[in-house]
Amino acid sequence: MSKNLGQLDRMVHGAYEAGWTTDIESDTLAPGLNEDTVRFISARKQEPEWLLQWRLKAFRHWQTMVHPEWAHVHYPPIDYQSISYYSAPRRPGEGPQSLDEVDPELLRTYEKLGIPLHERAALAGVAVDAVFDSVSVVTTFKDKLAEAGVIFCPISEAVREHPELIRKYLGSVVPFRDNFFAGLNSAVFSDGSFVYVPKGVRCPMELSTYFRINARNTGQFERTLIVADEGSHVSYLEGCTAPQRDENQLHAAVVELIALKGAEIKYSTVQNWYPGDAEGRGGIYNFVTKRGIAHENAKISWTQVETGSAITWKYPSVILQGDNAVGEFYSVALTRGMQQADTGTKMVHVGRNTRSTIVSKGISAMRAENSYRGLVHIGAGAENARNHTQCDSLLIGDRCGAHTFPYIESRNPSATVEHEATTSKVGDDQLFLCRQRGLDPEKAVSMIVNGFCKQVFRELPMEFAVEAGKLLEVSLEGAVG
Amino acid sequence: MLKITNLHATVADTPILKGLNLEINAGEVHAIMGPNGSGKSTLAAVLAGRDGYEVTAGSIEYLGRDLLALAVEERARAGVFLAFQYPVEIPGVSNMEFLRASLEAVRSHRGEPNLSAVEFMKLARATSAQLQLDPEFLKRGVNEGFSGGEKKRNEILQMLLLQPNLAILDETDSGLDIDALQVVADGVNALRSPERAIIMVTHYQRLLDYVVPDQVHVLADGRILRSGGRELALELEAKGYGWLRDDAA
């Protein structure tokens, strides 16, 4: 991996007098953001004119927006001119058509992350659309999916191959005016995944994308768009990881889900990006907008296990547009060291008999700050809408913090909204019981924390539930005492 | 097996144990009685190594080793078991999972191979049945929503699974009805063997009708005030603790 990083280092630190370089061997844009940057990205992606114009509109609008300050997180101002907005790994020729053509160094990097594409794809039947920095390097199982009529490809490819779908749905759930980071993403998004599941089709496998931020000083701005047509079903898993870096890196992604009549989308995230060191140096700034729209009888379910990033600002939401639509949010957010998380969800009830469930588990250790922020909005037309929110916080040690900010707006008297919140501490008594039975302290804490999270892990696809449990164990190392 | 010499211990800087001496041989069952605040539970906590209990003088030798030099989990793996007076809940962690992790930790220390999932299930089910616990009980969270009696029986279940060398029962009999007491006592008796020793901390002589001790010690003001046989417990029940103090004075 080090050799590979060395290569990327060279790419980043090469000479960029002209603002950017189109040299295929060092395909990284010099830091800076202006209309030319947007045009460059669009050109590199061979995008149609309408998309360039959309990006430019987004960029112009973004310039009028202000950085949000309301979250319970603290960090120095971000200099958007010091970030490089495009980075692609060097690759010979036109780009790999199959795994054999992928740079072996790159594949080794994935393997280090525990994603051996070959085995993983073969054993688990998971199709992986791996995003290395900004360009999707390899897409597996595309053919098998194509048989079922499922489209699963890099969004840049979808722009070329399926422009009608992209034009119809891109920005339809998260418009570029939505918020500061969504605006920025709309202007400079480089790649991401696109999924389309046709009417009545049950996607034959779990779809999975591993995102990874690699090059130095590159913001990553993926854009994910999932469209589940009427009566279809899809489960999508996103796993993220980033290597250790001294400086902070920005990640501002947008994920849009569209569940048409009777469709179901399950979106699971396991995120363990570099959280910074114990003193709070380095780490990813994770400012992400995730939102889905559920039409009549449709269901959208978000499950997230977040253990990484220096700062997490993220509220996967569901607009319950159609009658009988269902929205779910299951979350585990673990913060330790100097990590800060302000995360939660929005459930916007528009249709009649819409139902939403929120289960949030926040865990804080050492000096971390963990906040749940959630909105439940019941519109005037949402007859008999129901929401149940359960918000539990677990503290490890006495220097960390847990906060809950629930917002409830109900415009319909027939609605039922319930909110439960608890805060507990990993007790000395619990630890003593476990140790008296022979368990070492770290195993004991991880067992107690896993028990606390069980309700959420149950929602993850089986193999990832195991992974999530292990991830917590690793993340909690050294958090005791 | 256990030799406690001139043990002094404090809790939050308050001296509780003040020169306690006690020797227990393998195969013996000792009952420790005494009025509230005499230091009975402190002795149990010090033996297990609980935080907040500071040994200021004296020594504890366990199977020829310095017990005080071992961490809590090392003592447990070396066969020291404490049945808790107030067992805590661990929500979301199933009893089964907890028992298995604990048994694996202890067995691997002894150099014994791990049981397979099937072997473990069999053992756990059989032991639960012995204590008249519904097998469903194994699937529930550790002590989560258990009644007082179930919590105590769960402690005995753990004890029987782990087969400790030295079992310390801290008021395991308190809050049990007569049927549950019988079940718990049967469990303790099942553990009795020439290789093991058992310390029962109790307020009441009632338990000693079911588990007959080899020795009874009366603890008062941080020291063993008197030791004797089974008859000492009966005498205590008849006369209370007052006469001993007067006697001593």
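Preceding block: the structure.
Notes on the structure in this doc start here. Throughout, residues of each chain are indexed from 1 in the direction in which the sequence is written. Each chain is given a letter, starting from A, and each ligand a number, starting from 1, according to the order in which they appear as written. Side-chain atom pairs in this predicted model are given and counted only at pLDDT of 80 or more, local residue features only at pLDDT of at least 70, and totals for whole chains, interfaces and linings cover all residues. Side-chain metrics in this entry use all non-hydrogen atoms of the structure; hydrogen atoms and water are not considered.

1. Some details on the interface of chain B and chain A
Part 1: What makes two residues a contact is simply this: any of their non-hydrogen atoms within 4.5 Å. The partner chain A presents 18 residues to the 31 residues of chain B that form the contact.
Part 2: Between chain B and chain A, roughly 2,000 Å² of surface is buried when both sides are summed, and carbon and sulfur atoms account for 63% of that area.
Part 3: Whenever Lys or Arg places a side-chain nitrogen within 4 Å of a carboxyl oxygen from Asp or Glu, that contact is recorded as a salt bridge. The tally of links between chain B and chain A comes to 4 salt bridges.
Part 4: Between Glu-97 of chain B and Lys-454 of chain A there is a salt bridge, with its nearest N and O atoms 3.4 Å apart.
Part 5: For this analysis, a polar contact is any N or O atom pair within 3.5 Å, provided that within protein one partner can donate a hydrogen and the other can accept it, and provided that sequence-adjacent residues contribute only side-chain to side-chain pairs. Linking chain B to chain A there are 12 residue pairs in polar contact (both at pLDDT 80 or more).
Part 6: A run of H or I in DSSP becomes a helix once it reaches four residues, and a run of E becomes a strand once it reaches two; helices and strands are each numbered from the N terminus. Residue assignment for the side of chain B that touches chain A shows that the elements contributing at least two residues are helix H2 (72-77), strand S6 (80-83), strand S7 (90-94), helix H3 (95-109) and helix H5 (148-162) of chain B.
Part 7: Of the residues forming the side of chain B that touches chain A, the biggest block, 6 residues, is contributed by H3 of chain B.
Part 8: For the side of chain B that touches chain A, the per-class residue count stands at 19 nonpolar, 6 polar and 6 charged. The quantity reported as buried area is the accessible area (1.4 Å probe) lost by two parts once they are put together, taken as the sum for both. Amino acid classes used here: Ala, Val, Leu, Ile, Met, Phe, Trp, Tyr, Cys and Pro are nonpolar; Asp, Glu, Lys and Arg are charged; the rest, including Gly, are polar.

2. Comments concerning the sheet that holds strand S12 (residues 223-228) of chain B
Two pairing modes exist for strands in a sheet, parallel and antiparallel, and in both the strands are linked by backbone hydrogen bonds.
Residues and elements named next belong to chain B.
Part 1: The pairing criterion for strands is at least two bridges between them, as found by DSSP. On the basis of which strands lie adjacent, the open sheet formed by 6 strands has the order S6-S9-S10-S3-S11-S12 and mixed pairing. The sheet is open, and its two borders are formed by S6 and S12, each paired with just one other strand. Adjacent strand axes in the sheet meet at a mean angle of 20°, parallel and antiparallel pairs treated alike.
Part 2: Sheet topology note: the strand S3 (residues 29-33)/strand S10 (residues 197-201) ladder contains 4 bridges and is parallel. Bridge pairing in S10 places Ile-32 opposite Val-201.
Part 3: To define axes, lines are fitted to C-alpha atoms, for helices over the stretch in contact only, and angles between the resulting N-to-C directions are given on a 0 to 180 degree scale. Of the strands in this sheet, S3, S6, strand S9 (166-170), S10 and strand S11 (215-220) are in contact with helix H1 (residues 40-48), which crosses S9 at around 145°.
Part 4: Across the sheet, H5 is in contact with S6 and S9; its angle to S6 comes to roughly 165°.

3. Section: the pairing of strand S1 (residues 2-11) of chain B
Residue and element names in this part refer to chain B.
Part 1: The pairing of S1 with strand S4 (residues 53-62) spans 8 bridges and is classified as antiparallel. Note on S4: the bridge partner recorded for Ala-9 is Val-55.
Part 2: As paired elements, S1 and strand S2 (residues 14-24) share 8 bridges and run antiparallel to each other. When the sheet's bridge partners are listed, Val-11 is paired in S2 with Thr-14.
Part 3: Counted between consecutive antiparallel strands, the loop separating S1 from S2 contains 2 residues, among which Ala-12 sits at a positive phi close to 50°.

4. As for the pairing of strand S13 (residues 311-314) of chain A
The side chains of a regular strand alternate between the sheet's two faces.
All names here are of chain A.
Part 1: Categorising residues by exposure relies on relative accessible area from a 1.4 Å probe, with only protein chains included: less than 20% of the type maximum marks a residue as buried, more than 50% marks it as exposed, and the intermediate range marks it as partly exposed. Neither face of S13 is open: one carries Ile-311 and Trp-313, the other Thr-312 and Lys-314, and all of them are buried.
Part 2: Here strand S11 (residues 283-294) pairs with S13 via 4 bridges, running parallel. Within S13, the position partnered with Asn-286 by the bridge is Thr-312.
Part 3: Summarising the sheet, S13 and strand S16 (residues 340-349) pair through 4 bridges and their orientation is parallel. From the neighbouring strand, Trp-313 faces S16, where its bridge partner is Asp-342.

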